[in-house]
Number of protein chains: 2
Amino acid sequence: MERIPILKMGQFLLVTIQVDLYDRLALDLEADLINAVEKNAAKGVLIDISAVSIVDSFMGRILGNIANMSRLLDAQTVVVGIQPAVAITLVELGLPLTGVRTALNVERGMELLNSLITFDDTTEEWDDDTDNDH
Amino acid sequence: MERIPILKMGQFLLVTIQVDLYDRLALDLEADLINAVEKNAAKGVLIDISAVSIVDSFMGRILGNIANMSRLLDAQTVVVGIQPAVAITLVELGLPLTGVRTALNVERGMELLNSLITFDDTTEEWDDDTDNDH
């Protein structure tokens, strides 16, 4: 039980965080997740933190890092299942998870990811058309 | 971090086990899962144990219990992500998870659940037709 499992679901990767993210575990998760995004050519990463009742600045930074790294590999990150108490703590700590998209639960997170990907595809097609015109 | 989160994904519930299932946690999971099956009218339960490196007879029994209870509520249970070493241990312990369906990973588990449900629906339709004839 040394590593947090990463589940592949179609184009997306799903991670549920159930344990305290101490330093090494968090860094391992970061590395494993980015490798999995590359290996599976994943278009999205869903991180469920519904079992997390306490967040600190370290965990906030890890989530931000994952989102930024994934973006470089063309994958969107959505954090789901933030408990009300956690939302309060995050804002009071001055950590509003900038750059990280959020959704209420996994289902809505999937919908959000799907819409983001569809939007991306549309944009790319539009760009292609423009290129062809010139 | 006292309870294992249960994620709703369409008609299915997904649980990833990342921590040692000591007595109370396992019983809580059993109860939470059965309540969630009833509340969401779930048709299937996916249990990912890819992070589990050691299983004992207690955990084997818990998995069997969950499968049997879910079946009473018309939901199928599939256990996914069994590590090779865990498979060896299970058989050597004489615990071949009787009554529990298994699949290699979450994606294949979802496919299996979908096929089981489709099969169920077909059977029910067939039953309905028979009833109408008489």
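Calculation notes
Residues numbered from 1 in each chain as written. Chains lettered and ligands numbered in written order. Predicted model: local features only at pLDDT ≥ 70, side-chain atom pairs only at ≥ 80, totals over all residues. Heavy atoms only, no water. UniProt positions renumbered as here; feature names shortened; annotations may be inferred. Helix = DSSP H or I, 4+ residues; strand = E, 2+ residues; numbered from the N terminus. Axes fitted to C-alpha atoms, helices over the stretch in contact; angles between N-to-C directions. Parallel < 35°, antiparallel > 145°, perpendicular 65-115°, else oblique. Left-handed = near helix turned anticlockwise from the far one by under 90°. Contact = heavy atoms within 4.5 Å. Nonpolar A, V, L, I, M, F, W, Y, C, P; charged D, E, K, R; others polar. Least-squares fit on C-alpha atoms with pLDDT ≥ 70 in both. Buried < 20%, exposed > 50% of the residue type's maximum accessible area, 1.4 Å probe, protein only. Lys, Arg positive; Asp, Glu negative; His and termini not counted. Salt bridge = Lys/Arg side-chain N within 4 Å of Asp/Glu carboxyl O. Buried area = accessible area lost by both parts, 1.4 Å probe. Polar contact = N/O pair within 3.5 Å; in protein donor to acceptor, adjacent residues only side chain to side chain.

The next point concerns the UniProt feature "domain: STAS" (unreviewed entry) in chain A. On the UniProt side, "domain: STAS" (unreviewed entry) is annotated at positions that read residues 2-113 of chain A here. Between the end C-alpha atoms of residues 2-113 of chain A there is a gap of 29 Å, over a span that is 46% helix and 19% strand.

Next up on the list: the packing of helix α1 (residues 23-40) of chain B against helix α2 (residues 57-72) of chain B. All names here are of chain B. For the pair α1 and α2, the least separation of the axes is 10 Å and the interaxial angle reads 15 degrees. By the angle between their directions, the pair α1 and α2 is classed as roughly parallel. As α1 runs across α2, the sense of the crossing is right-handed. Contacts between α1 and α2 pair Asp23, Ala26, Leu27, Leu29, Glu30, Leu33, Ile34 and Val37 from the former with Phe58, Ile62, Asn65, Ile66, Met69 and Ser70 from the latter. For the contact of α1 with α2, the residue count by class is ten nonpolar, two polar and two charged.

Moving on to the relation of the copies chain B and chain A. By a simple turn and slide, chain B fits onto chain A: the slide is 0.0 Å along the axis, the RMSD is 0.0 Å, and the turn is 180 degrees. The superposition operator between the copies reduces to a two-fold rotation axis. A shared interface surface links the copies, since 100% of the contact residues of chain B are contact residues in chain A too.

All names here are of chain A. Relative to the helices and strands, Glu30 is located in helix α1 (residues 23-40). Here Glu30 is buried and forms no salt bridge, its nearest opposite-charge partner Arg61 lying at an N-O distance of 7.4 Å. Among residues more than four places away in sequence, those in contact with Glu30 are Ile62, Asn65, Ile66 and Met69.

This part takes up the interface of chain B and chain A. Of the residues lining the interface, 21 residues belong to chain B; the matching set on chain A comes to 21 residues. A buried area of about 1900 Å², summed over both sides, lies between chain B and chain A, and 62% of it is on carbon and sulfur atoms. In this structure, the connection of chain B to chain A is made through two salt bridges. For Lys8 of chain B, the salt bridge identified is with Glu107 of chain A, shortest N-O distance 3.5 Å. Counting across the interface, chain B meets chain A through five residue pairs in polar contact (both at pLDDT 80 or more). When residues of the side of chain B that touches chain A are traced back to their parent elements, those giving at least two are β1 (7-9), β2 (12-16) and α4 (106-133) of chain B. Looking at the side of chain B that touches chain A residue by residue, the classes come out as eleven nonpolar, five polar and five charged.

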